[in-house]
Every structure is written in structure tokens, then in C-alpha cells.
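# Understanding the architecture of this molecule
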Amino acid sequence: MITKRPLRLGVNIDHVATIRNARGGRHPDPVRAARLAAQAGADGITAHLREDRRHIGDEDIARLVHEIDLPLNLEMAATPEMLGIALRHKPHAACVVPEKRTEVTTEGGLDVVAGAAQLEPVIAALAGAGIRVSLFIDPEKRQLDMAKRLGAPVVELHTGAYCEAEGTRRGFELERIVTAAAHAEALGLECHAGHGLGFETVAPVAAIPTIVELNIGHFLVGEAIFGGLDSAIKRMRALMQEARAAALGEKSA
Ligand code: PXP
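The paragraphs below set out a description of the structure included in this document. (Residues numbered from 1 in each chain as written. Predicted model: local features only at pLDDT ≥ 70, side-chain atom pairs only at ≥ 80, totals over all residues. Heavy atoms only, no water.)

### Focus: the layout of surface pockets
- The volume enclosed by the largest pocket comes to roughly 490 Å³.
- Sorting the residues of the lining of the largest pocket by element identifies helix 1 (14-23), strand 2 (44-48), strand 8 (211-216) and helix 10 (218-227) as the ones contributing at least two each.
- Residue composition of the lining of the largest pocket, by class: six nonpolar, 14 polar and five charged. (1 Å grid on protein atoms, 1.4 Å probe; cavity = no way out; pocket = protein on both sides within 12 Å on 5 of 7 lines; lining within 4 Å. Points joined across faces, edges and corners; volume = space filled by probe spheres on them. Helix = DSSP H or I, 4+ residues; strand = E, 2+ residues; numbered from the N terminus. Nonpolar A, V, L, I, M, F, W, Y, C, P; charged D, E, K, R; others polar.)

Take a look at the structure:
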């Protein structure tokens, strides 16, 4: 039986830092954006500290941990450097992601099957420090099975292929997410999803009742240019809540 679970919104503020870094200096400040996201109803803040520091920097992470009341989800590659940073700052959660220097964004999920030996000690070290570990994976059964074997309590399903797909392909990609979320549930894994979600793509994912968190960034920061971050986050939350309520046969508030 699927129980009613709240759906959280994690706001990824990386691209506020992208704009700041285009000129250097301190404006716009991603920590100010995180504060605003909290006021607009975000349940958490997500930030990806990349090896090349192209957007979020080390000082941003320190400030997000100390100045923001919401839980921080630190996206990180499974490298010794990032592990050291995570253990120093102890964010609420760490989402382990693949990282290539040449990619524009996180292009696919982490291959936890191929990378099991490298991931196992990183997951154990993060978990040992009380950090909730999630693995960002493609919606594939074998990736979920390995995530479970490696002891990660959470998986985040990559929704990029679904968001980019057109026509009938989108339904196919959505079905892969639905199937993977059901498999995560059967394995006892907490299931999150994210990447590429926007107003037009969020509802079918939010309707999957066992997904408990969506992490959304680029679209919200882009939309903020036109109507403000507050209004973009509020609209996203409303769409998520309406879709979840409709899927559970409820009236949304
Ligand atoms: N979840 C993870 C693990 C990610 O790496 C990203 C992108 O940094 C997101 C969610 C958010 O993706 P987007 O910025 O496309 O909304």
C-alpha cells in the first residue's frame, strides 16, 4: 500500500553563482537566494560544489551551512577532496553525482555498478559522519539494486532524459522513472528525482507517490529573471502539490 507522503522541494541555487561568477564579485549572492527560497517555501537547498568551482565555491558551502536554516544537500563527486569537504562541513545530505570537466551539466546518472568499489568507502565515510547519502542514478533496476547493496539510504533518479524527450518518447522515459520509483520502494530506498524539471514537466513526476523530494535549479533561476525567484518557487510548489493530490485522489488545498 502506498501511504501518503509529503513531497519536498529542494531548490538548487548553483546558477545564481553562475551569474555571479560571470563578472566575479559578490552579486548575485547564492546565499541570499537560499534565504529567499526558504521564505518562498523550499524545504531544502541543494548546491553542487564542482571540482572546477565553475559556480558554487567553497565559501558558499561554508555560508550555506552556517547561515541558512534549511537542510543543505551537497552534490559532490566521489573524490577524496570532496569527501574531505563534506566531512568538514557535515551537510544534512550528500548526493553523489558523476562529474566530467568537459560537461555543461551532469549529463547522466552515476554508474554505481561500474563504480561500486570506489563508491563503497565514500558512502560509508559520509554515513559514518551522520550525513544522509543519496546516489544520483539513471532510472535502471541494476543501478538501484547496486545502490541498495552499497548501503545508500536514498537514490535520486535522473529526470534529464524524460525532460529532454519529445513526443511519444517522453511517455517512455516517464515510464522508466515510474518503474524505477516502484523498484526503489520495493528495496526500501527513499526516492528523490531531479534534473531539467520545469513547470511543464514537473507534474507527472510529482504524481509518483513514492517520490518524496524533487531537486530543481536551472529552470527556477531562469524563470526568476522574468517573475522573481519567490513567484517561481511558489508556482513550482503549487504544481507539485496539485499533481500529488490529484494522483492520490485528493483535493489540493
Ligand atoms: N539533482 C542533481 C543530482 C543535479 O546534479 C542537478 C543539477 O545540478 C539537479 C538535481 C538540478 O537540475 P536542474 O538544475 O536541471 O534543475
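### Section: the sheet that holds strand 2
- Ordered in space as 1-2-3-4-5-6-7-8, the eight strands form a closed barrel in which the pairing is parallel. Across the sheet, the mean angle from the axis of one strand to that of its neighbour is 25°, orientation sign disregarded.
- Pairing between strand 1 (residues 8-12) and strand 8: four bridges, direction parallel. Bridged to Leu9 within strand 8 is Leu214. (Pairing = 2+ DSSP bridges. Axes fitted to C-alpha atoms, helices over the stretch in contact; angles between N-to-C directions.)

### Examining the pattern of salt bridges
- Per the stated rule, a full pass over the model turns up 20 salt bridges.
- Connected via shared salt-bridge partners are Glu140, Arg142, Arg169, Glu173 and Arg176. (Salt bridge = Lys/Arg side-chain N within 4 Å of Asp/Glu carboxyl O.)

### Points about unusual backbone geometry
- In this model, His27 is joined to Pro28 through a cis peptide bond whose omega is -5°.
- Mapped onto the elements of the fold, Pro28 is located in the loop between helix 1 and helix 2 (30-40).
- The backbone phi angle of Arg53 is positive, close to 50°, even though this residue is not glycine.
- Along the chain, Arg53 falls in the loop between strand 2 and helix 3 (58-67).
- Although it is not a glycine, Lys90 adopts a positive phi angle of roughly 45°.
- For Lys90, a relative accessible area of 48% translates into the label partly exposed. (Buried < 20%, exposed > 50% of the residue type's maximum accessible area, 1.4 Å probe, protein only.)

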